[in-house]
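# Working through the structure, step by step
What follows is the residue order along each chain.
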Amino acid sequence: MNGYWHRYGQHYRTIAKLSGPIMVAQLGTIVTGFADTMMVGHYNTPSLAAGSLVTTVFNLVILLSLGFSYGITPLVGALASQGDNRKVGAMMRHVAAANVVFGLVLMLASGAFYFALGHLGQPVEIMPLVRPYYIIIWLSMIPVILTHIFRQSCDAVGDTQLGMWIFTAGNVLNIVGNYMLIFGKWGAPELGLAGAGWSTLAARCFMAVAYVAAMLLASRYKAYHEGIAQSRTSWHDIARVTRTSLPVALQMGLETGIFTFAMILVGWMGTKSMAAYQILLQVGTLGFMIYYAFGAGMAIKIAHYTGLGDKAAVRDAAHAGYRLTLAFTLLACVIFITTGRWIVAFFTADRAVIAIAVSMLVPLSLYQLGDATQVTYANALRGTGQVMSMLRVAVVAYLLIGLPVIPALAFLAGLGLAGVYYGFFVALLTAGILFCREFYRHLL
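In what follows, the accompanying structure is described. (Residues numbered from 1 in each chain as written. Predicted model: local features only at pLDDT ≥ 70, side-chain atom pairs only at ≥ 80, totals over all residues. Heavy atoms only, no water.)

### Digging into the packing of helix α11 (residues 311-345) against helix α15 (residues 417-443)
The contact between α11 and α15 brings their axes to 10 Å, and the two run at 160°. Taken together, α11 and α15 sit at an angle that is classed as roughly antiparallel. Where α11 crosses over α15, the handedness of that crossing is left-handed. Where α11 approaches α15, its residues K311, V314, R315, A318 and H319 are matched on the opposing element by F439, Y440, H442 and L443. Of the residues belonging to the contact of α11 with α15, the class tally is five nonpolar, two polar and two charged. (Axes fitted to C-alpha atoms, helices over the stretch in contact; angles between N-to-C directions. Helix = DSSP H or I, 4+ residues; strand = E, 2+ residues; numbered from the N terminus. Parallel < 35°, antiparallel > 145°, perpendicular 65-115°, else oblique. Left-handed = near helix turned anticlockwise from the far one by under 90°. Contact = heavy atoms within 4.5 Å. Nonpolar A, V, L, I, M, F, W, Y, C, P; charged D, E, K, R; others polar.)

Written as structure tokens, this is what we have:
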């Protein structure tokens, strides 16, 4: 036992230290998502269904942006481990430029998708609510993209505390704004679903501005200012960053894409199923955000060890990260199954929606196991910079397996919404196994 702790104890401590602030920030995001869904759900069921459609579409955009920003970790993290602040600053400038270009592409694509909303076969009664909410959330993507750039740059140099405080403040602002604008409290107009959108936009703008202020004024970042100011970014630099970042973005985009695809399928099942699906997404996020926090903390450590050329430490950090993740996976599953009915009832008073959501708690818990595995080893590969293998795995697991399996189980096998979640389990577990294989193959 002493030998085990001597080998892995340091990794448990450092991953937990790095992951803790990320987890607090992510839990704040979960609380905000819970509050959004609960307030909109109690406002009315059509608003909850409409919000579900828009949220699912923009989750794809957000995850593509986040995935592209994940390329910052191996590039900046490896330089930070070597202590060359000027090179770190120059790399921060290069990755920021590449992320802005990619963000503009996402804004154009998601803006064009607005005109396809009426052709997705969704319930007609929710479309007047969908369109204005879509436009507001589309505008909020600008501060989201900027926040991703700054957050990943800060995390890559080991400063995960800053994100915790900024996201906590932003989430509190969002919850207060939701209550005020959805229901028309404290003299504000009652805007319903659109009010949730305006509150989200304000909170995301606040977080972006807070990161800019911290990067400009905080003493620990002044060491990087010279490299940022004196370096010049060319299209060659942007292309170099893109080679690392784009495969991660596409991997996460393909993963999130199966959830967006599933949302369209669920829309064919009716407004009640759409509302239940939105609630289940929020509940499932409780697990995902914890896995994400451990994975992000582990990726930072692996990037640093990779920069030092220490493969043994890379392997041990991955082992420790996965064990921590599995422990919290089991805890999340127990919470879902034992308290799920109580949790679901917080989101809506619609008994039909509650019944559908509660019946999905076991399939929801099952897919957490696959999700935890794929999150851990995708982050392990990201930390080593082996991003092309991530993309290959994503194509197989999400596109070639997940995309046909989900509708086959939902409609051909007659499992309905349960089939969607069993399909998620198959796709995510396949991805986790393949990511794991690629990670250890790289270390040989």
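### Structural notes on helix α13 (residues 361-384)
Compared with an ideal rise of 1.5 Å per residue, which puts 24 residues at 34 Å, α13 spans 35 Å between its outermost C-alpha atoms and is within 8% of the ideal. Most of α13 sits inside the fold, with 21 of its 24 residues counted as buried. (Expected span 1.5 Å × (residues − 1). Buried < 20%, exposed > 50% of the residue type's maximum accessible area, 1.4 Å probe, protein only.)

### Side note on the layout of surface pockets
Looking at the second largest pocket, its volume works out to about 180 Å³. As for the second largest pocket, its lining consists of V57, L60, V61, L64, L106, A109, S110, F113, Y134 and T260. Only α2 (45-70) and α4 (85-113) provide two or more residues apiece to the lining of the second largest pocket. In terms of residue class, the lining of the second largest pocket is made up of eight nonpolar, two polar and no charged. (1 Å grid on protein atoms, 1.4 Å probe; cavity = no way out; pocket = protein on both sides within 12 Å on 5 of 7 lines; lining within 4 Å. Points joined across faces, edges and corners; volume = space filled by probe spheres on them.)

### Describing unusual backbone geometry
With a phi angle near 55°, W186 is a residue other than glycine that sits in the positive phi range. Position of W186 relative to the elements: it lies in the loop between α6 (161-183) and α7 (193-217).

### A short note on the side chain of S140
Structurally, S140 can be placed in helix α5 (residues 127-156). A polar contact of 2.7 Å, which involves the side chain of S140, links it to the side chain of R204. With near-sequence residues (within four places) excluded, S140 lies in contact with L201 and R204. (Polar contact = N/O pair within 3.5 Å; in protein donor to acceptor, adjacent residues only side chain to side chain.)

### A look at the nonpolar core
Y277, Y398, V420, F424 and F435 are the most contacted members of the largest nonpolar core, which totals 113 residues. Not counting the four nearest positions on each side in its chain, V420 is found in contact with A262, V266, M269, Y277, I406 and A410. Within the second largest apolar cluster, eleven residues are counted, among which are I166, M207, Y211 and M215. (Core = buried A, V, L, I, M, F, W, Y, C linked by side-chain atoms within 4.5 Å.)

### Focus: the environment of L246
With respect to the element layout, L246 can be found in helix α9 (residues 235-267). Each C-alpha atom, one on L246 and one on Y70, is 9.4 Å from the other, the two residues being 176 residues apart in sequence. Here L246 is in contact with F68 and F102, once residues within four sequence places are set aside.

### What about the pattern of salt bridges?
As enumerated under the stated definition, the model contains three salt bridges in all. When the shortest N-O distance is used, the salt bridge between R441 and E438 registers 2.7 Å. Linking R441 with E438, this pair stays in helix α15, spanning three residues, or about one helical turn. Taking the relative accessible area as the measure of exposure, E438 reaches 9% and is therefore buried. Salt bridges linked by common partners bring R437, E438 and R441 together as one network. (Salt bridge = Lys/Arg side-chain N within 4 Å of Asp/Glu carboxyl O.)

### Things to note about the packing of aromatic side chains
Counted according to the given criterion, the structure contains 14 aromatic pairs. On the numbers, 6.3 Å between centres and 35° between planes, the contact of W268 with F411 is tilted. Of the two residues, W268 sits in the loop between α9 and α10 (271-308) while F411 sits in helix α14 (residues 387-412), which places them 143 residues apart along the sequence. On the basis of relative accessibility, which here comes to 52%, the residue W268 falls in the exposed class. Summarising the aromatic geometry, the rings of Y377 and F439 are spaced 6.1 Å apart at their centres and angled 50° between planes, so their arrangement reads as tilted. With Y377 in helix α13 and F439 in helix α15, this residue pair connects regions lying 62 residues apart in the sequence. Per residue, the accessibility class of Y377 equals that of F439, and both read buried. Pairwise contacts between aromatic rings join F58, Y114, F115 and Y134 into one cluster. Positioned above the aromatic ring of Y114, the side-chain terminus of R131 is 5.9 Å from the ring centre. (Phe/Tyr/Trp six-rings, centres within 6.5 Å; stacked < 30°, edge-to-face > 60°. Lys NZ or Arg CZ within 6 Å of the ring centre and 35° of its normal.)

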